[in-house]
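# Residue-level structural notes
Chain by chain, the residues run as shown.
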Amino acid sequence: MPAWCAHPDHNTLRILESITAQPVALTTIAQVAPVMRQPATPSTIRAYLQEQRTVRCTVIEALAAEITALNAVHNALFPTACHLPPEMLSEIFSYLRNDRPGTRSNRDLLNALATCKRWREVGCGVPRLWNEISLHNPSLVKASLERSRTLPLVIYLENKRCRLDPQRVAKSLLPHIGRIETLDISCPDIEALEIFCSGLNVPAPLLKALRIGYTSIGAEEVVIDPPFGGNMPSLRTLALDRVLLPPSPLWASNLEDLSMRDTIPSLQDMLDLLEQCTSLRTLLVDGYHTWPEDDSRPDHEPVSLPSLKLLDVRTQPLPASEDLLANLILPDAATLRLEVDMMTDDAHPVQLPDMRLCPNIPCIRGLKRIEVLWSNRNCILIRGFRNAQEHVAPDIEVVISAASDFLDLPYDWYLDLSQVEVLVFRLGGMGANSFESWDILQNFPELTTFRLIEPDAPSLFGLLNGLMDTREVQMPDQAGTQRNHRLCPRLHTLELFDFRWTAEIGAAMENMVAVRQTFEPKAFRFLDVYNAKDGPTGHHFVGPHDANVSQVLVVTNAE
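Criteria and cut-off values
Residues numbered from 1 in each chain as written. Predicted model: local features only at pLDDT ≥ 70, side-chain atom pairs only at ≥ 80, totals over all residues. Heavy atoms only, no water. Core = buried A, V, L, I, M, F, W, Y, C linked by side-chain atoms within 4.5 Å. Buried < 20%, exposed > 50% of the residue type's maximum accessible area, 1.4 Å probe, protein only. Contact = heavy atoms within 4.5 Å. 1 Å grid on protein atoms, 1.4 Å probe; cavity = no way out; pocket = protein on both sides within 12 Å on 5 of 7 lines; lining within 4 Å. Points joined across faces, edges and corners; volume = space filled by probe spheres on them. Helix = DSSP H or I, 4+ residues; strand = E, 2+ residues; numbered from the N terminus. Nonpolar A, V, L, I, M, F, W, Y, C, P; charged D, E, K, R; others polar. Phe/Tyr/Trp six-rings, centres within 6.5 Å; stacked < 30°, edge-to-face > 60°. Lys NZ or Arg CZ within 6 Å of the ring centre and 35° of its normal. Patch = residues over 30% accessible without salt bridge, like charges linked within 9 Å, V, L, I, M, F, W, Y side chains within 5 Å. Areas by Shrake-Rupley, 256 points an atom, 1.4 Å probe, with all protein chains shown as cover. Salt bridge = Lys/Arg side-chain N within 4 Å of Asp/Glu carboxyl O. Lys, Arg positive; Asp, Glu negative; His and termini not counted. Charge placed at Lys NZ, Arg CZ, Asp CG, Glu CD. Pairing = 2+ DSSP bridges. pLDDT = per-residue confidence, 0-100. Disulfide = S-S within 2.5 Å.

### Some thoughts on the nonpolar core
Among the nonpolar cores identified, the biggest contains 115 residues, and F425 and F450 are the most heavily contacted of them. Ignoring any residue separated from it by four or fewer positions in sequence, one finds F425 in contact with V372, W374, F435, W438, I440, F450, R451, L452 and I453. Listed in part, the 14 residues of the second largest apolar core include A112, C116, C124 and V126.

Structure, rendered in structure tokens:
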């Protein structure tokens, strides 16, 4: 080793620094030459610098070895984490498979296993930590297939551009197809999707869930042959995103959950597929499709789905939903969820699905409770219940978006409202719109309880005036006969929540109570007011001072 390394010459070090920081001058080389103890030529300077780099790399390696030794001593002195039993460590590691909610990643697990040799040995020896395999890292795929041993596999490729050789990956999966329980392939590369599906061409006896998604923005839906040759006898869940699979009894007959997003075949093909899905429990149909008009459409035999629990339809335009619903036969316990984008303007009147066209949908009949909730001025949520009690799941749910001018609910919808006893309206999201006319209540002849939440002043005055109207209106009964009814003749409870109290509103309430008890003395009993801003507090009784007519209790500002 040169003498200056044992006894560093700071002047020489500064000279070397100046050589690396600026162009080399002959005078600088001459200054360095005495340190090298030999003539300063390009070759000797190069050899000298290489020697110094080697010396420093040796020092760095020695320091890294010392740090490793210090870490080992530290782990020996503080053994709590590193000396945990393997069973406890493996349980802790099992919580690191997802680094954040809604994603699937093994980043946290890999970071933990890099902590020390023992942690890595324990983690790599636990098969259940490696049976969820992302296809983005080919080397990790190979290691995971080995470490998972014989456990069922979850294979996924999610929403990322495929930067690997799909044919090579599919080939590596072939020996393990008998273990695949879930396959989730979603990417914007149609060629990769086709290679994955065609490359996995042997039966998959354990496969229970399959999702194939084509995520290229703006692309049309594609038709892909099903993986495993369609031989998936255990398949229970199928999700297709902008991908169509040819129908096959080998995978359709045992399906319990079917999701089709932006993937809507022709109506006939859809019904042919559903006819094979005799075990279906949930069905989601989401996308835009225009099926032929009625006059050119052949008649279809309705398809029965005897095991269905939930039907979720979000098709556009509106006739697509009507056509599908009109050709299905659902069991009594099935729940229907519709999502409708009204896309209203002056040239297109507001409409809802014509439920008269759906005679085999039981949940539209026998409704006892209706909730109409404006979540904002452009979105309405409608829930229908065949049980009048609260805290039960709805039997039918309709989400109406782009509905800022939709105020005549539920005219022209043709739900069976003849038995509705409880009606709930929340108007807080209506913006500047108001219900000044409440003729809508003519559709509820059996209504006993009406709850109005967050009304503005015009809507509240309109309701009170409507309930004071003593004129009888003509309403068709179930047989279609026109009969006279006073507005909500069976109403006995009116509940008002979260509004601004004024003297005029208070007077209108007293007048309404007096009128209702005069014309319907045995019906109307309760006017409940909750959280009325600027309103009186406590309990009050209003109504005629007639001994034969009960007074009405009003509760205000009750939290």
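### Examining empty space enclosed by the protein
Summed over all chains, the structure comprises 3 cavities of 30 Å³ or more. Computed from the structure, the largest cavity encloses a volume of approximately 90 Å³. Contributing to the lining of the largest cavity are R97, S105, N106, L109, L129, W130, E132, I133, S134, L140, S144 and Y156. Elements represented by at least two residues in the lining of the largest cavity include exactly β1 (132-134) and α8 (138-147). The element that contributes the greatest number of residues to the lining of the largest cavity is β1, accounting for 3 residues. When grouped by side-chain class, the residues that make up the lining of the largest cavity number 6 nonpolar, 4 polar and 2 charged.

### Side note on α8
Of all the residues in α8, the buried ones are L140, V141, A143, S144, L145 and R147. On its buried face, α8 sits against α6 (107-113), α7 (117-124), β1, β2 (153-158) and α9 (166-173). At the exit of α8 stands R149, carrying a positive phi of roughly 60°.

### Quick look at the packing of aromatic side chains
Across all of its chains, the model carries 6 aromatic pairs by this definition. Seen in terms of ring centroids, W374 and F425 are 6.2 Å apart; in terms of plane orientation they differ by 40°. Their pairing is tilted. Taken together, the positions of W374 in strand β14 (residues 369-376) and F425 in strand β17 (residues 422-426) put the pair 51 residues apart, joining distant regions of the chain. Both residues of the pair, W374 and F425, count as buried. Aromatic pair F497 and Y530: ring centres 4.7 Å apart, planes at 25°, arrangement stacked. Residue F497 is located in strand β21 (residues 493-500), and its partner Y530 is located in strand β22 (residues 526-533); the two are separated by 33 residues in the primary sequence. Through pairs of rings, three or more aromatic residues link up here, namely W374, F425, W438 and F450. The ring centre of W130 lies 4.5 Å from the NZ or CZ of R147, which sits over that ring. Over the ring of F385 we find R369, and its NZ or CZ is 5.8 Å from the ring centre.

### Quick word on a negative patch on the surface
On the surface, D269, D272, E275 and E301 cluster together into a negatively charged patch. On the secondary structure map, E301 appears in the loop between β9 (282-288) and β10 (303-304).

### What about the pairing of β14?
For β14, a buried count of 6 out of 8 residues is recorded, marking the element as mostly surrounded by other parts of the structure. Sheet analysis places β14 next to strand β15 (residues 379-385), joined by 7 bridges and oriented antiparallel. Of the residues in β15, the one forming a bridge with N376 is C379. Across 5 bridges, β14 lies against β17 in parallel orientation. Directly across from L373, in β17, lies its bridge partner R426.

### A few points about the pairing of strand β13 (residues 335-341)
In this structure, strand β11 (residues 310-316) lies alongside β13, joined through 4 bridges in parallel fashion. Note on β13: the bridge partner recorded for V313 is L338.

### Here we look at the confidence of the model for the protein chain
On average, residues of the protein chain score 80 in pLDDT, and 75% of them reach the 70 mark or higher. Contacts for the low-pLDDT stretch residues 1-8, under 50 throughout, to residues beyond four places or in other chains number 12 contacts. Confidence drops under a pLDDT of 50 for residues 477-484, and excluding neighbours within four residues, the segment shows 15 contacts in the predicted structure.

### Regarding the pattern of salt bridges
All chains considered together, the criterion is met by 19 salt bridges. Here R369 makes a salt bridge to E371, at a shortest N to O gap of 2.8 Å. A residue is classified by how much of its surface remains accessible, and R369, at 4% relative accessible area, is buried. Given the relative accessible area of 11%, E371 is considered buried. In this structure, R383 and E397 form a salt bridge, with 3.5 Å as the shortest nitrogen-oxygen distance. One end of the pair, R383, is in strand β15; the other, E397, is in strand β16 (residues 396-401), and 14 residues separate them in sequence. Residue classification places E397 among the buried positions, given a relative accessible area of 16%.

### Considerations on the state of the cysteines
Enumeration according to the criterion identifies 0 disulfides in this entry. C363 provides the cysteine sulfur closest to C358, a residue in no disulfide bond, and the two sulfurs are 9.3 Å apart.

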